[in-house]
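What the coordinates show
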Amino acid sequence: MRILTGLQPSGQLHIGNYFGAVEPAVRLQREGDAFYFIADYHAMTTMESPERLRENTRRLAVDFIACGLDPEKAVLFVQSAVPEVNELAWILGTVCPMGLLERCHSYKDKIAKGFSAEHALFAYPVLMAADILLYDADMVPVGKDQKQHLEVTRILAGKMNGRFGEGLFKLPEPIIAEQTAIVPGLDGQKMSKSYGNTLPVFGEEKQLQKLINRNIVTDCTPLEAPKPVEGSVILQLYRLFASSVDYEKMVDAYERGGVGYGTFKKTLFEAYWEYFRPARARRSELLAEPGYVDAVLEKGARKAREEAAGTLARVRRAVGLGWS
Ligand code: ADP
Ligand code: TRP
């Protein structure tokens, strides 16, 4: 079974990315043949500077390994190290109705946020379908917001099979962790770089502590009064890091009253800081040894290109490109 996912190198890794994408990918690396990549072509649709793109791509590779990706189990590579994906995207584009892309929320959301309506942003789901189909993925762990892109992928695979032969492509299944499907941000909306409400996985201790203390929204229930459990951002985040016993303890303390939000935030910070302690240690080691990450990415790219070449030869033959 092939498991595949991509992460855009478009900013600092936050705990929404971690629980929505990284942690499930790390968990799944043992269950099959895992292919994970850093989607730098995709990030070009929203990134302005080449230096930033290059820096973020490297940093994400480091962070992914620090968070538990095991290069002996999973193939890790940079998307653009396999430019063949663009050829498949073009081929898929020939069966992709405009209306299908016009309905995609992520495109509409980005336009609403002020990004200009470029072709690459519009065609983003086609490249994503090519990412998935190029490697014959069976399972694709993603956050809920990517569900529609997986539907587009399945539709395009189905159309290709209908036109060029059943069995040309597998139809991939999304894997969406329902419990952590949407990690709330510090302000209670979905956590996202674009809302500026993120809690990074890696960062300075003092700065992160401040972020939790100052930026997590709370109501103005007095210290001695019981606090509403429903909708509490502190509780929702604490649940991600704490054991169920500790989580229930905090719920009890909310319901009893007598404990202030400052104390809950302190407990949340400690649980969060402790949770990522091993990843932080691993990350420091990786940063001290940059050649290691380069070698992992090179080996990953070689493996990915081999796979890609096999699929493309099959597809080119099926659609009538070339002579063989
Ligand atoms: P952002 O919204 O910060 O720009 P991305 O769109 O780059 O994040 O998402 C990268 C991955 O992390 C995707 O698989 C996405 O579904 C997942 N993800 C992002 N934010 C969250 C969140 N708040 N909760 C769960 N998963 C998330
Ligand atoms: N669009 C995904 C995101 O923003 C990243 C991505 C690109 C991806 N290609 C993919 C995810 C293929 C899964 C499979 O998170």
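Read on for a plain summary of the structure. All values derive from a computational prediction rather than experimental measurement. (Residues numbered from 1 in each chain as written. Chains lettered and ligands numbered in written order. Predicted model: local features only at pLDDT ≥ 70, side-chain atom pairs only at ≥ 80, totals over all residues. Heavy atoms only, no water.)

Counted under the stated rule, the structure contains 20 aromatic pairs. Measuring from ring centre to ring centre gives 5.9 Å for F241 and F276, while their planes differ by 70°; the resulting arrangement is edge-to-face. Note that F241 is positioned in helix 11 (residues 233–241) and F276 in the loop between helix 13 (261–275) and helix 14 (277–287), a separation of 35 residues in sequence. Look at F276 and you get buried, because its relative accessible area is 1%. On the basis of an interplanar angle of 80° and a centroid distance of 5.8 Å, the ring pair of Y272 and F276 is categorised as edge-to-face. With relative accessibility at 1%, the residue Y272 sits in the buried group. In textbook terms, an aromatic cluster arises when at least three aromatic residues are bridged by ring pairs, as seen for Y18, F19, F241, F269, Y272, W273, Y275 and F276. (Phe/Tyr/Trp six-rings, centres within 6.5 Å; stacked < 30°, edge-to-face > 60°. Helix = DSSP H or I, 4+ residues; strand = E, 2+ residues; numbered from the N terminus. Buried < 20%, exposed > 50% of the residue type's maximum accessible area, 1.4 Å probe, protein only.)

Over its 15 residues, helix 13 extends 21 Å from the first C-alpha to the last, a length consistent with the 21 Å expected when each residue adds 1.5 Å. Inspection of helix 13 places Y261, F264, K265, L268, F269, A271, Y272 and W273 among the buried residues, and these make up the whole buried set. Of the surrounding secondary structure, the elements contacted by the buried residues of helix 13 are helix 1 (15–28), helix 10 (205–215), helix 11, helix 12 (244–256) and helix 14. (Expected span 1.5 Å × (residues − 1). Contact = heavy atoms within 4.5 Å.)

Right, let's get into the pattern of salt bridges. Counted under the stated rule, the structure contains 16 salt bridges. Between R27 and E23 there is a salt bridge whose closest N-O contact spans 2.9 Å. Taken together, the residues R27 and E23, both in helix 1 and 4 residues apart, mark about one turn of the helix. Counted as one network, the salt bridges with shared partners bring together R2, D33 and E307. (Salt bridge = Lys/Arg side-chain N within 4 Å of Asp/Glu carboxyl O.)

Residues in close proximity to ligand 1 total 17 residues, the closest being H14, D145, V183, S192 and K193. Between G143 and ligand 1, the recorded distance is 3.1 Å, taken from a backbone N or O atom to an oxygen atom. Taking D145, its side chain carries an N or O atom lying 2.4 Å from an oxygen atom of ligand 1. About the coverage of ligand 1: the protein hides 90% of its 540 Å² of free accessible area. Ranked by residue count, the leading element in the shell around ligand 1 is helix 1, at 4 residues. Counted by class, the shell around ligand 1 contains 6 nonpolar, 8 polar and 3 charged residues. (Near = heavy atom within 4 Å. Polar contact = N/O pair within 3.5 Å; in protein donor to acceptor, adjacent residues only side chain to side chain. Areas by Shrake-Rupley, 256 points an atom, 1.4 Å probe, with all protein chains shown as cover. Nonpolar A, V, L, I, M, F, W, Y, C, P; charged D, E, K, R; others polar.)

Moving on, we come to helix 1. Here helix 1 contains 14 residues, and its C-alpha end-to-end distance of 18 Å stays within 8% of the 20 Å for a straight helix at 1.5 Å per residue. Bending of helix 1 peaks at approximately 35° at the position of V22, with proline P24 no more than four residues after it. Burial within helix 1 is extensive, with 12 of its 14 residues counted as buried. Those residues of helix 1 lying buried are I15, G16, N17, Y18, F19, G20, A21, V22, P24, A25, V26 and L28. (Bend = angle between axes of the 7 residues up to and from the residue.)

Looking now at the packing of helix 11 against helix 13. Axes are the key here: two packed helices are described by the angle between their axes and the distance separating the axes. The N-to-C vectors of helix 11 and helix 13 enclose an angle of 30°; their axes lie 9 Å apart at closest approach. Regarding the angle of helix 11 to helix 13, the classification is roughly parallel. Our pair here, helix 11 against helix 13, has a crossing hand that is left-handed. The residues of helix 13 that touch helix 11, namely those facing I234, L237, Y238, L240 and F241, are Y261, F264, K265, T267, L268, A271, Y272 and Y275. Considering only residue class, the contact of helix 11 with helix 13 consists of 11 nonpolar, 1 polar and 1 charged. (Axes fitted to C-alpha atoms, helices over the stretch in contact; angles between N-to-C directions. Parallel < 35°, antiparallel > 145°, perpendicular 65-115°, else oblique. Left-handed = near helix turned anticlockwise from the far one by under 90°.)

The subject of this paragraph is unusual backbone geometry. Residues other than glycine seldom take positive phi values, yet D136 does so here, at roughly 50°. Tracing the sequence through the fold places D136 in the loop between helix 8 (124–134) and strand 4 (139–141). On the accessibility criterion, D136 (17% relative accessible area) is buried.

This part covers the pairing of strand 3 (residues 74–78). In terms of residue burial, strand 3 counts as a mostly covered element, since 5 of its 5 residues are buried. Here strand 3 shows two buried faces, one formed by A74, L76 and V78 and the other by V75 and F77. Examined bridge by bridge, strand 2 (residues 33–38) and strand 3 share 5 bridges and lie parallel to one another. Residue F35 lies in a different strand from strand 3, and its bridge partner there is V75. (Pairing = 2+ DSSP bridges.)

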